[in-house]
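Summary of structural features
Residue strings, one per chain:
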Amino acid sequence: MARQHSSGDGRGSGSSGDGLVAATVGDDGLLEALRLDPRVLRLGSHDLAEQVVAAVRAAQRRHLSQAAEATDAAAEPDPEPLVQRLDEMELQAAQDFDRLVSALDETLRRLEGR
């Protein structure tokens, strides 16, 4: 089982299940660093390749997960300023309507007084 590690800066880190191989991918999702524990050199080439692939995939998954979280966070606007602006617009519209009604009432009084 591969493990993922958060770096907090857009990069993704991961390691093979036993931790003998660790990988880091950069902001672009490409492999940036690979660390091999000296004990991994005792493995055969097939097992070593599996360890490297597991670590790199874990790092890439972490990178993709962080990118998705950042996209989700950016896509969710803060509704509070919108609500505040709508409240201001509603108050302004009510005041404008009151002024209009007052002006119409005044005009009707003048017309009736003639």
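Being a predicted model, the structure only gives us computed values, none of them experimental. (Residues numbered from 1 in each chain as written. Predicted model: local features only at pLDDT ≥ 70, side-chain atom pairs only at ≥ 80, totals over all residues. Heavy atoms only, no water.)

Assigned secondary structure in the protein consists of 2 helices and 4 strands. Walking the protein from its N terminus toward its C terminus, one meets helices and strands in the order β-β-β-β-α-α. Working note: accessible area of the protein is about 8,400 Å², and carbon and sulfur atoms make up 56% of it. (Helix = DSSP H or I, 4+ residues; strand = E, 2+ residues; numbered from the N terminus. Areas by Shrake-Rupley, 256 points an atom, 1.4 Å probe, with all protein chains shown as cover.)

This part takes up the pattern of salt bridges. Taken as a whole, this structure holds 6 salt bridges when the rule is applied. Residue arginine 39 pairs with aspartate 37 through a salt bridge whose shortest N-O separation is 3.0 Å. A relative accessible area of 45% places arginine 39 in the partly exposed class. The residue glutamate 106 makes a salt bridge to arginine 110 at a minimum N-O spacing of 3.4 Å. With glutamate 106 and arginine 110 both in helix H2 (residues 79–113) and 4 residues apart, the pair spans about one turn of that helix. Taking relative accessible area as the criterion, glutamate 106 reaches 31% and is therefore assigned partly exposed. Bridged by salt links that share partners, the residues Glu106, Arg109 and Arg110 form one connected network. (Salt bridge = Lys/Arg side-chain N within 4 Å of Asp/Glu carboxyl O. Buried < 20%, exposed > 50% of the residue type's maximum accessible area, 1.4 Å probe, protein only.)

Turning our eyes to something else, we now look at the nonpolar core. Soluble globular proteins: nonpolar side chains tend toward being buried together. Listed in full, the 8 residues of the largest apolar core are Leu20, Val21, Ala23, Val25, Val40, Ala55, Val56 and Ala59. For this core, the elements supplying multiple residues, two or more each, are strand E3 (21–25) and helix H1 (45–75). Not counting residues up to four positions away in its chain, the partners in contact with valine 56 are Ala23, Leu31 and Leu34. (Core = buried A, V, L, I, M, F, W, Y, C linked by side-chain atoms within 4.5 Å. Contact = heavy atoms within 4.5 Å.)

Right, let's talk about a negative patch on the surface for a bit. A surface patch of like charges, here negative, comprises Asp78, Glu80, Asp87 and Glu90. A relative accessible area of 52% places aspartate 78 in the exposed class. (Patch = residues over 30% accessible without salt bridge, like charges linked within 9 Å, V, L, I, M, F, W, Y side chains within 5 Å. Lys, Arg positive; Asp, Glu negative; His and termini not counted. Charge placed at Lys NZ, Arg CZ, Asp CG, Glu CD.)

Here we come to the side chain of threonine 24. In this fold, threonine 24 is placed in strand E3. Taking the relative accessible area as the measure of exposure, threonine 24 reaches 14% and is therefore buried. At a separation of 3.5 Å, a polar atom in the side chain of threonine 24 contacts the side chain of serine 13. Setting aside anything within four residues of it in sequence, one finds threonine 24 in contact with Arg11, Gly12, Ser13, Leu30, Leu31, Glu32, Ala33 and Ala59. (Polar contact = N/O pair within 3.5 Å; in protein donor to acceptor, adjacent residues only side chain to side chain.)

A cluster of nonpolar side chains, namely Leu31, Leu34, Leu36 and Leu41, defines an oily patch on the protein surface of about 380 Å² accessible area. With respect to the helices, strands and loops of the structure, leucine 41 is situated in the loop between strand E4 (31–36) and H1.

By the bridge criterion, 5 bridges tie E3 to E4 in an arrangement that is antiparallel. Of the residues in E4, the one forming a bridge with alanine 23 is leucine 34. From the end of E3 to the start of E4, which pair antiparallel, there are 5 residues, and glycine 29 there has a positive phi angle of about 85°. (Pairing = 2+ DSSP bridges.)

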